[in-house]
Every structure is written in structure tokens, then in C-alpha cells.
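Read off the chains here:
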Amino acid sequence: MMSTLPSLGFAGIGLMGLPMCRRLLAAGYPLTVWNRNPDKCAPLVAAGARQVSSPAELCAHAAIVMLCLADTAVVREVVFGVGGIAEGAKNGQLLVDFSSLEPTATREMAAALAEKTGMGWLDSPVSGGVVGAEAGSLAIMVGGAAADLQRVRPVLLSLGQRVTHMGGVGAGQVTKACNQMIVACNALVIAEVVALAEQAGVDARLIAEALAGGFADSKPLQILAPQMAESRFEPIKWHVRTLLKDLDTAVKFSREQGSATPISGLAAQLMRLHGAQGFLAKDPATLVQMYRAPDSTD
């Protein structure tokens with residue numbers, strides 16, 4: 001008997017996309033994959049996925065096409081560019097975008113895709129990082145039609161522990177921007193804290209343990225503070241450039257909405273300064289280097 005699970009397509013086999021696809025294969029979903037660098041698909045093909053040479057071809061093999069891409073420009077190219085999803089999309093198919101994008105651009109692209117092809121759009125950004133992707137414990141915040149979400153909810157629950165419908169198209173991206181404002185500002189303060197403790201002669205490796213369970217506790221504190229204190233910057237689990245991109249998105253969107261985000265604006269400036277020192281592709285744990293005295297050891 002053939003599988004009753006829906007066929008899935010996935011574009012973007014990166015830090016997050018690879019473990020997400022592994023979970024989908026393990027759950028038994030028929031999976032077709034595409035990536036700009038085709039070599040990155042090799043482990044998934046070895047595990048049973050089908051590989052295609054253009055995003056448009058995903059639509060020939062999958063009722064639900066998922067994206068996990070770098071930014072708004074890349075999503076626009078993969079959806080509407082030559083050989084893009086819009087060329088292969090059919091009425092009744094559904095696009096699920098796990099990328100973190102500009103909310104306004106997401107609404108515009110979703111409307112354009114629906115008008116051109118009839119394909120629906122769910123913006124479904126995730127939080128939880130590579131560890132969450134591997135464990136299937138991501139938090140997924142979704143914007144789009146409730147009926148579309150109902151259709152893919154079982155798929156999403158293979159990837160995340162919590163799926164929350166935030167509203168219409170774009171609402172997921174607004175929620176992710178809020179998430180990233182908290183995470184990025186938190187990361188910068190944690191870097192200040194670790195550097196201050198070190199400068200004052202306190203063992204910064206004990207900070208996360210000492211504050212666990214109190215009001216200052218958070219996942220970023222428990223993950224980043226020990227890494228910063230030990231100067232443990234590899235393996236790279238996420239990138240400074242990603243936090244910077246998301247902060248810029250949040251500040252731009254807040255300006256469009258007439259809302260003030262002064263702390264996030266300052267965080268974006270500090271993140272950009274750090275990135276300009278050669279840290280864009282490094283782990284955010286390296287933020288501590290901004291605050292350490294010049295004679296501190298790496």
C-alpha cells in the first residue's frame with residue numbers, strides 16, 4: 001500500500017534545513033530536495049530523498065513545498081526567479097516558508113504567488129536553532145490561513161514541539177522579529193555580563209549556574225554564557241550575520257508601523273560593528289570579544 005503521507009519538497013539544505021529534512025525522512029514523508037549548492041543534498045539522497053535541479057521541479061513531486069533560506073532576496077529569487085517555484089506551482093499546492101523574512105515583503109510575495117498560480121503561503125519561521133532542529137523541538141510561529149495550517153500541522157509537529165497560529169500571512173514573520181529582538185539584545189547583554197565578571201575577578205563560568213531558575217535565566221544565558229566564558233566559539237551553531245539581518249528586519253518593520261525600537265536599534269549597531277571586525281560568519285558567542293580588555297586571551 002502506498003504511503004498516505006503527503007509528498008514534501010524542501011529548498012535550502014543549510015544549518016537548519018539539513019536536520020529538518022532528516023526528521024521528515026525519519027517520519028516517513030516522501031521528500032524531494034533542492035539546494036543552490038547541489039552537493040549539500042548528498043546525505044539526504046543517501047537517506048532516501050529525491051533530488052531535483054530547480055525549485056520549479058519541486059512542485060512536480062510535492063503537494064507541499066518548504067523553504068529554509070537565508071533572507072528575503074533569496075526567497076524572492078527561489079520563488080519568482082528563472083526556474084523558480086512560481087513556474088511549477090499549481091492551484092491547491094502550499095508553500096511553507098521557514099525562513100526569517102521581512103513581514104511586508106512576505107505579504108507581497110504571498111499575494112503575488114496566489115494571484116499567479118493559486119498556491120497558498122504559510123510563513124512559518126522557527127526558533128530553537130540547530131539543536132532544536134535536530135531534536136524536533138523547534139517553536140514554530142505561523143502566519144496564513146487556518147485551513148492551510150490545519151493541512152500541514154502534522155508535518156510541522158515532526159519538526160517542532162509547539163506550533164502557534166499567529167494570524168494572517170506575515171504574522172509569523174512579525175512574531176519571529178519579536179523573538180529575534182529578545183534573543184539578540186539578550187546575547188549582547190550576556191556578553192557584557194561575562195566580560196564584567198572576568199574583569200572583576202569572578203569566575204564567569206559559574207554565571208549561568210548561579211543565575212539558573214532566577215529572573216535573569218534564559219536559554220541564551222545557559223547556552224551562550226558558558227561558551228563565552230570558555231572562549232568556545234566552535235562548532236558554529238548559528239551566525240552573527242543572521243542575528244544582524246533579523247535585527248535590521250525588526251527595526252525596519254517597526255519604522256513602517258510607526259513603533260519605536262531604540263534598544264533593538266542600538267543592538268543592530270553593535271552587532272554590525274562586531275560583524276565588521278570579521279565576525280559575520282562566526283558564532284554569536286564571539287560577541288564577548290567586543291567587551292574584553294585588549295590584553296585578554298582569546
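Every value quoted in this text rests on a predicted model; they were computed, and no experiment measured them. (Residues numbered from 1 in each chain as written. Predicted model: local features only at pLDDT ≥ 70, side-chain atom pairs only at ≥ 80, totals over all residues. Heavy atoms only, no water.)

Novice: I would appreciate a short explanation of the overall build of the chain in the present structure.
Specialist: When helices and strands are counted, the chain shows 13 helices and nine strands. In summary, the chain has a C-alpha radius of gyration of 20 Å against a globular reference of 19 Å for 298 residues, a match within 12%. With the principal axes as the frame, the chain shows a C-alpha extent of 65 × 45 × 35 Å. Counting all 298 residues of the chain, 50% fall into the buried class. For the chain, contacts bridging at least 24 residues in sequence account for 67% of all contacts bridging at least 6. Carbon and sulfur atoms make up 57% of the accessible area of the chain, which amounts to about 13700 Å² in all. Taking the average place of the 24 positive charges on the side chains of the chain and the average place of its 25 negative ones, the gap between the two points comes to 5 Å. (Helix = DSSP H or I, 4+ residues; strand = E, 2+ residues; numbered from the N terminus. Rg over C-alpha atoms; globule rule 2.2 N^0.38 Å. Buried < 20%, exposed > 50% of the residue type's maximum accessible area, 1.4 Å probe, protein only. Contact = heavy atoms within 4.5 Å. Areas by Shrake-Rupley, 256 points an atom, 1.4 Å probe, with all protein chains shown as cover. Lys, Arg positive; Asp, Glu negative; His and termini not counted. Charge placed at Lys NZ, Arg CZ, Asp CG, Glu CD.)

Novice: Got a minute to help me understand the UniProt feature "domain: 6-phosphogluconate dehydrogenase NADP-binding" (unreviewed entry) in the chain in this structure?
Specialist: As annotated by UniProt and renumbered to match this structure, "domain: 6-phosphogluconate dehydrogenase NADP-binding" (unreviewed entry) occupies residues 8–167. The straight-line gap between the two end C-alpha atoms of residues 8–167 is 24 Å; of that span, 42% is helix and 24% is strand. (UniProt positions renumbered as here; feature names shortened; annotations may be inferred.)

Novice: Before we go on, may I ask you to explain the side chain of Thr-72 in this structure?
Specialist: Structurally, Thr-72 is set in helix α4 (residues 72–80). Polar contacts involving the side chain of Thr-72 include one to the main-chain amide nitrogen of Glu-102, which spans 3.2 Å. (Polar contact = N/O pair within 3.5 Å; in protein donor to acceptor, adjacent residues only side chain to side chain.)

Novice: Can you walk me through the pattern of salt bridges in this structure?
Specialist: It is possible for side chains of opposite charge to pair when their charged atoms get near one another. Scanning the entire structure with this criterion turns up six salt bridges. For Lys-252, the salt bridge goes to Glu-102, with nearest N and O atoms at 2.8 Å. Here Glu-102 lies in the loop between β5 (94–97) and α6 (103–117) and Lys-252 lies in helix α12 (residues 240–257), a separation of 150 residues in the sequence. By relative accessible area, Glu-102 is classed as partly exposed at 25%. Close ionic contact of Arg-205 with Asp-203 constitutes a salt bridge, the shortest N to O distance being 3.0 Å. (Salt bridge = Lys/Arg side-chain N within 4 Å of Asp/Glu carboxyl O.)

Novice: I'm lost on the UniProt feature "domain: 3-hydroxyisobutyrate dehydrogenase-like NAD-binding" (unreviewed entry) in the chain in this one. Help?
Specialist: In the numbering adopted here, UniProt assigns the feature "domain: 3-hydroxyisobutyrate dehydrogenase-like NAD-binding" (unreviewed entry) to residues 170–291. Helix makes up 66% of residues 170–291 and strand 0%, whereas the separation of the span's terminal C-alpha atoms amounts to 36 Å.

Novice: Please explain helix α13 (residues 262–279) as it appears in this structure.
Specialist: Every α-helical turn comprises 3.6 residues, leaving residues that sit three or four positions apart pointing alike. The first and last C-alpha atoms of α13 sit 23 Å apart over 18 residues, in line with the 26 Å expected at 1.5 Å per residue. Considered for burial, the residues of α13 that qualify are Ser-264, Gly-265, Ala-267, Ala-268, Met-271, His-274 and Gly-275. Those residues of α13 that are buried are in contact with α9 (171–199) and α12. (Expected span 1.5 Å × (residues − 1).)

Novice: What am I meant to see in the nonpolar core here?
Specialist: Where a protein is soluble and globular, its nonpolar side chains tend to be buried together. By size, the foremost hydrophobic cluster in this structure holds 34 residues, and its most contacted members are Phe-10, Met-20 and Phe-98. Those elements that place two or more of their residues in this core are β1 (8–11), α1 (17–26), β2 (31–34), β4 (64–67), β5, α7 (129–135), β8 (138–143) and α8 (146–156). Top element by residues in this core is α1. It accounts for five residues. Other than its neighbours up to four places away in sequence, Phe-98 contacts Phe-10, Met-20, Met-66, Leu-67, Cys-68, Ser-124, Pro-125, Val-126, Leu-156 and Leu-159. Core analysis: the next-biggest nonpolar cluster, separate from the first, contains 29 residues, Cys-185, Ala-197, Leu-224 and Phe-233 among them. (Core = buried A, V, L, I, M, F, W, Y, C linked by side-chain atoms within 4.5 Å.)

Novice: I tried to follow unusual backbone geometry on my own but got confused; where do I start?
Specialist: Where the residue is not glycine, phi is negative for most of them; where a peptide bond is considered, it is trans in most cases. Following Glu-234, the chain continues to Pro-235 via a peptide bond in cis, the omega torsion being 0 degrees. Structurally, Pro-235 is set in the loop between α11 (219–229) and α12. Here the phi dihedral of Ser-231 falls at roughly 50 degrees; this positive angle occurs in a residue that is not glycine. Turning to its location among the elements, Ser-231 is positioned in the loop between α11 and α12.

Novice: It is not clear to me how the environment of Gly-258 should be interpreted in this structure. Could you clarify?
Specialist: Along the chain, Gly-258 falls in the loop between α12 and α13. Given a relative accessible area of 70%, Gly-258 falls into the exposed group.

Novice: Can you help me understand the packing of aromatic side chains in this one?
Specialist: Within a pair of aromatic rings, the relevant descriptors are the distance that separates the centres and the angle that separates the planes. A full pass over the atoms with the stated rule returns one aromatic pair. Seen from their ring centres, Phe-10 and Phe-98 are 6.2 Å apart, and the 25 degrees between their planes marks the pair as stacked. Of this pair, Phe-10 sits in strand β1 while Phe-98 sits in the loop between β5 and α6, and the two are 88 residues apart along the sequence. Each member of the pair, Phe-10 as well as Phe-98, carries the same accessibility label: buried. (Phe/Tyr/Trp six-rings, centres within 6.5 Å; stacked < 30°, edge-to-face > 60°.)

Novice: Explain the packing of α4 against α6 to me, please; I cannot follow it from the model alone.
Specialist: The relative placement of two packed helices comes down to the angle between their axes together with the axis-to-axis distance. In contact at an axis separation of 11 Å, α4 and α6 are set at 5 degrees when each is read in the N-to-C sense. For the element pair α4 / α6, the angle class is roughly parallel. In this structure, α4 contributes Thr-72, Val-75, Arg-76, Val-79 and Phe-80 to the contact, and α6 contributes Ala-105, Met-109, Ala-112 and Leu-113. Its residues placed into classes, the contact of α4 with α6 shows seven nonpolar, one polar and one charged. (Axes fitted to C-alpha atoms, helices over the stretch in contact; angles between N-to-C directions. Parallel < 35°, antiparallel > 145°, perpendicular 65-115°, else oblique. Nonpolar A, V, L, I, M, F, W, Y, C, P; charged D, E, K, R; others polar.)

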